[in-house]
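A structural walkthrough
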Amino acid sequence: MGFLPSLTRVFLFVPTLFYFYPWKPLLLLLHSCDYSKAFTNFYVQHNDSANITLHFICLILQMLGNFALLKHFDNFTELAFPYWSVLSIQGWITVIITSEALATSKFLAMLGVYISWALAGYVNTWPTETELNLVCAFFAVMFLFTSVRITPKASVYAIILASLYIAFIIASPIVQPFLTLQETGLYLFLVISAASQLPGSLWWPRTLSLMTLCHLATLASGHSVFLMWGIGFTGQMLQGFSHEVTEQTSTIQKLEGIKTDDDRIAYECAHVTYFPCLVLDVILGRAPQVKKGAWE
């Protein structure tokens, strides 16, 4: 893979691929991919009613975590103007407006962006509660669909996920007063670990590992910024779970089948940048004329 596609993948995947940052519109412009192609790729792996409904819950979780993390960045830089949040909002709104999504999808996506930004303070105050409520909502909604198939793999990950949350809740008040890690080393460790999120084999174990690592970092350092980052990986984990129980492969994994680096990174960039509109378009009943992914 060439230098530019590799660098773009780092900027897309390392900071959690479904979070939005000020540089994402620039990457989308650099690796141009029109919305209709991105929608076709998305539709063929998300046209199951259970799968798209569960992805909608993941979208809510990721948008809330996204702006809570950006608020941390705003506070950390101590600037008079919240550049991280405002630039990300402006960039996302621009991407949404200029897309070829349905008008209703555009409106709802923009509304979601502003609501998530407005709730950033609440999420930062109640991060664990916000995450747990939406994770519980995910599984509650999942069992409303009779079409889902609970595979052995899904069962194992559900048990691991539940165990991690129980351990985190129990250990937090006991361990936190006694542990304080050096922040510089912890940041470096997390950044290196995040690099393992580039697509490839063992996607689920690596996502689960990084989600766990972010929760442990929160526990050890007392800084909820790691939990805000980890919520993005929790959303990815739940999306993978949704694909498993509905027997549809994730688009990111399918795009690995595209042999041309430039085409693959263009489709990946469009997929993770247009994500709110893609989800809403499918929910609203839109369907592509040709139901065939670029990898076929």
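Summary of the structure given here. (Residues numbered from 1 in each chain as written. Predicted model: local features only at pLDDT ≥ 70, side-chain atom pairs only at ≥ 80, totals over all residues. Heavy atoms only, no water.)

1. Brief notes about the overall build of the chain
- Per the secondary structure count, the chain includes 15 helices and zero strands.
- In summary, the chain has a C-alpha radius of gyration of 18 Å against a globular reference of 19 Å for 296 residues, a match within 12%.
- Overall, the C-alpha framework of the chain stretches about 60 × 45 × 40 Å when taken along its three principal axes.
- Counting all 296 residues of the chain, 53% fall into the buried class.
- In the chain, of all internal contacts separated by at least 6 residues, the share reaching a separation of at least 24 is 80%.
- Looking at the chain as shown, the accessible area adds up to about 13400 Å², and 66% of this sits on carbon and sulfur atoms.
- Across the chain, the centroid of the 14 positively charged side chains sits 7 Å from that of the 17 negatively charged ones. (Helix = DSSP H or I, 4+ residues; strand = E, 2+ residues; numbered from the N terminus. Rg over C-alpha atoms; globule rule 2.2 N^0.38 Å. Buried < 20%, exposed > 50% of the residue type's maximum accessible area, 1.4 Å probe, protein only. Contact = heavy atoms within 4.5 Å. Areas by Shrake-Rupley, 256 points an atom, 1.4 Å probe, with all protein chains shown as cover. Lys, Arg positive; Asp, Glu negative; His and termini not counted. Charge placed at Lys NZ, Arg CZ, Asp CG, Glu CD.)

2. Considerations on the pattern of salt bridges
- Tallied over the entire structure, the rule returns five salt bridges.
- Between Glu 247 and Arg 149 there is a salt bridge, with its nearest N and O atoms 3.4 Å apart. Of the two residues, Glu 247 is situated in the loop between α12 (225-246) and α13 (251-255) and Arg 149 in the loop between α8 (127-142) and α9 (152-175); the sequence distance between them amounts to 98 residues.
- By relative accessible area, which is 58% here, Glu 247 ends up exposed.
- Here Asp 281 makes a salt bridge to Arg 286, at a shortest N to O gap of 2.9 Å.
- Looking at Arg 286, the relative accessible area reads 22%, which means it is partly exposed.
- Via salt bridges that share partners, Arg 9, Glu 256 and Glu 268 belong to a single interconnected network. (Salt bridge = Lys/Arg side-chain N within 4 Å of Asp/Glu carboxyl O.)

3. Let's talk about the packing of aromatic side chains
- Taken as a whole and judged by the stated rule, the model has 16 aromatic pairs.
- With a centroid separation of 5.1 Å and an interplanar angle of 85°, the aromatic rings of Tyr 35 and Tyr 274 are classed as edge-to-face. Here Tyr 35 is found in helix α3 (residues 35-43), whereas its partner Tyr 274 is found in the loop between α14 (261-273) and α15 (275-283), with 239 residues between them in sequence.
- Overall, the relative accessible area of 2% leaves Tyr 35 in the buried class. (Phe/Tyr/Trp six-rings, centres within 6.5 Å; stacked < 30°, edge-to-face > 60°.)

4. Considering α8
- Taking 1.5 Å as the rise per residue, α8 with 16 residues should run 22 Å; its terminal C-alpha atoms sit 23 Å apart, in good agreement.
- Restricting attention to buried positions, one finds in α8 the residues Pro 127, Thr 130, Glu 131, Leu 132, Leu 134, Val 135, Phe 138, Phe 139, Val 141 and Met 142. (Expected span 1.5 Å × (residues − 1).)

5. Examining the environment of Thr 125
- Among the structural elements, Thr 125 can be located in helix α7 (residues 120-125).
- Overall, Thr 125 belongs to the exposed group, its relative accessible area being 53%.
- Residues Thr 125 and Ala 68, spaced 57 residues apart in sequence, show a C-alpha to C-alpha distance of 9.5 Å.
- From its side chain, Thr 125 meets the backbone oxygen of Gly 121 in a polar contact 2.9 Å long. (Polar contact = N/O pair within 3.5 Å; in protein donor to acceptor, adjacent residues only side chain to side chain.)

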